[in-house]
Amino acid sequence: MKVEELDKYGAKLEMPKETVKEQGKIILKAIKRKFGLFGMLGIFWDTFFTQRRLRKNNPETLKKAKKMGDIVAKELFMFSGLFLALAKRLGREKAYDFFKAKVMNEMAKTSMALIYQVEDLKKCEGDIFENFKKMNIALFERSTQEGTWHMESFQDEKDKLVIKVTTCANVELFNELDVPELGRFGCDHDVVGFPVIEKDVNCDFRRFCTIAKGDDHCLFEFYRRGTAPDNAY
């Protein structure tokens, strides 16, 4: 089997359906542990009505999200509603810390392997790292075509792939809903998710700038395992 034959090759970039099914359990467990049963019910009540209000008040944002897919639209408003419900009780900074540590980081442990279809990728013909590079290029070519995450350029070198992304749908849409904190969740997801699959795809991941954290572009650097510079993400 060639890497180009995988279902996820060049597929839409969105949270895998398997992870979406599990995220409800992750959220339920984390919030119940933090706030107790009655506190949890209050948060879910606020989340439900807040996301309904956001949908009603932001029809253009909803339209943009739906163009990216039903899962994206659902997640956008659900996460925004949940974050605002948590912020009402914890403050915005602590709400994001909780959301990142207890929800997003837990989801990333399984979602990244599904996004890249890692178990099947390992069975493909050829070098695993070269195939992983192809998966990344195809993924961002698709997102660029759809106008969500724009890949301005990529450099496919021996033992290294560098991808420059100049627009981020996460930042744009969450800003429109006045929850700019959640624009960073894709960045945080990557920092947890890529290390989970690095060994399987023979890769070291590095990234020094992101749009969500104030830069004018995101730079993804994928090195063949063991060749990356000795520095932090």
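Not measured: the values here are computed from a predicted model.

(A) Region of interest: the overall build of the protein chain. Counting secondary structure elements, the protein chain contains eight helices and four strands. Each helix and strand of the protein chain, ordered N terminal to C terminal, gives the series α-α-α-α-α-α-β-β-α-α-β-β. Over its C-alpha atoms the protein chain spans a radius of gyration of 18 Å, differing by no more than 12% from the 17 Å that the globule rule assigns to 233 residues. By the burial criterion, 50% of the 233 residues in the protein chain qualify as buried. The positive charge centre, built from 41 side chains, and the negative charge centre, built from 37, are 8 Å apart in the protein chain.

(B) Expanded view of the sheet that holds strand β3 (residues 203-206). As summarised here, the arrangement of the four strands in space is β1-β2-β4-β3, forming an open sheet in which the pairing is antiparallel. The outermost strands of the open sheet, each flanked by one partner alone, are β1 (151-157) and β3. Between one strand axis and the next, the sheet turns by 15° as a mean value, whatever way the strands run. Two strands pair when backbone bridges link them, and β1 and strand β2 (residues 160-165) are joined in this way by six bridges, in the antiparallel orientation. Residue pairing in the sheet places Met151 in a bridge with Val165 of β2. This element, helix α8 (residues 185-201), spans β3 and β4 (218-224) of the sheet and lies at about 160° to β3.

(C) Helix α2 (residues 59-68), seen in detail. Where α2 is concerned, the buried positions are Thr61, Leu62, Ala65 and Met68. The buried side chains of α2 occupy one side of the element, clustering within an arc of 115° when seen end-on. Where α2 is buried, its residues touch α1 (17-57), α3 (70-90) and α7 (169-176). Count one or two residues on from α2 and you reach Gly69, which has phi positive near 135°.

Rules and cut-offs
- Residues numbered from 1 in each chain as written.
- Predicted model: local features only at pLDDT ≥ 70, side-chain atom pairs only at ≥ 80, totals over all residues.
- Heavy atoms only, no water.
- Helix = DSSP H or I, 4+ residues; strand = E, 2+ residues; numbered from the N terminus.
- Rg over C-alpha atoms; globule rule 2.2 N^0.38 Å.
- Buried < 20%, exposed > 50% of the residue type's maximum accessible area, 1.4 Å probe, protein only.
- Lys, Arg positive; Asp, Glu negative; His and termini not counted.
- Charge placed at Lys NZ, Arg CZ, Asp CG, Glu CD.
- Pairing = 2+ DSSP bridges.
- Axes fitted to C-alpha atoms, helices over the stretch in contact; angles between N-to-C directions.
- Contact = heavy atoms within 4.5 Å.
- Arc of directions from axis to C-beta.

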